[in-house]
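Survey of secondary and tertiary structure
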Amino acid sequence: MKAHGKVFKYGNNVDTDVIIPARYLNSSDPAELATHCMEDIDKEFVNKVHKGDIIVAEKNFGCGSSREHAPIAIKAAGVSCVIAETFARIFYRNAINIGLPIIECPEASKGIEDGDDVEVDFDSGMIYNRTKGTEFKGQAFPEFMQKIIKAEGLISYINGKN
């Protein structure tokens, strides 16, 4: 399983309120949530993101509330993967549960810049910065987590849509 795209780079403590502002939580429609994804931290994100692009952040990505809306908005916006030095625990679980691939890698978080072309191999945990010709070793997904991601989330996986 792989991801490949252009990077949108953010810093530390990107919380769920800037990923999807609370004023839009009256909807649970993924397409609607995607139209407001990251708007409080990057007003042009939804106009610039393309299917397959990658978010890279520093420490504690997804901190804040426990709502699933944040990873849903990111996935529905077309983001194929989030790489961060660390994730908030509940965001990590919610991302896997809805089928959004995420990978922790402090070195990649520091060595990848906004706009870089990056490829991620989830089987090996390797992250390739095609712009700079560098590579980083993140934590590979265990097989069961890859199955959940391929099924587009935990509920589909449990229901046998893998």
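Preceding this paragraph is the structure being described.
This report concerns the structure included in the present document.

Conventions and cut-offs
Residues numbered from 1 in each chain as written. Predicted model: local features only at pLDDT ≥ 70, side-chain atom pairs only at ≥ 80, totals over all residues. Heavy atoms only, no water. Axes fitted to C-alpha atoms, helices over the stretch in contact; angles between N-to-C directions. Helix = DSSP H or I, 4+ residues; strand = E, 2+ residues; numbered from the N terminus. Parallel < 35°, antiparallel > 145°, perpendicular 65-115°, else oblique. Left-handed = near helix turned anticlockwise from the far one by under 90°. Contact = heavy atoms within 4.5 Å. Nonpolar A, V, L, I, M, F, W, Y, C, P; charged D, E, K, R; others polar. Pairing = 2+ DSSP bridges.

**What to know about the packing of helix α4 (residues 69-76) against helix α5 (residues 89-98)**
Think of two packed helices as two axes; the pair is described by the angle between the axes and how far apart they sit. Across the interface, α4 lies against α5 with an axial gap of 8 Å and an inter-helix angle of 50°. Viewed along their axes, α4 and α5 adopt a mutual orientation that is oblique. Classified by chirality, the crossing of α5 by α4 is right-handed. Together, A70, P71, I72, I74 and K75 of α4 and F91, N94, A95 and I98 of α5 make up the contact between the two elements. Grouping the constituent residues of the contact of α4 with α5 by class yields seven nonpolar, one polar and one charged.

**Re the sheet that holds strand β7 (residues 134-137)**
Taken together, the seven strands give an open sheet; going across it, the order is β4-β3-β2-β1-β5-β6-β7, and neighbouring strands pair in mixed fashion. Of all strands in the sheet, those bounded by a partner on one side alone are β4 (102-104) and β7. For this sheet the average axis-to-axis angle between neighbouring strands, irrespective of direction, equals 25°. Pairing geometry for strand β5 (residues 117-121) and strand β6 (residues 126-129), over four bridges, is antiparallel. The residue of β6 that forms the bridge with V120 is I127.

**Side note on unusual backbone geometry**
You will see that M38, though not glycine, has its phi angle at about 65°, which is positive. Mapped onto the secondary structure, M38 falls in the loop between α2 (30-34) and α3 (45-48). Its identity is not glycine, yet N60 carries a phi of approximately 65°, on the positive side. Here N60 shows up in the loop between β2 (54-57) and α4.

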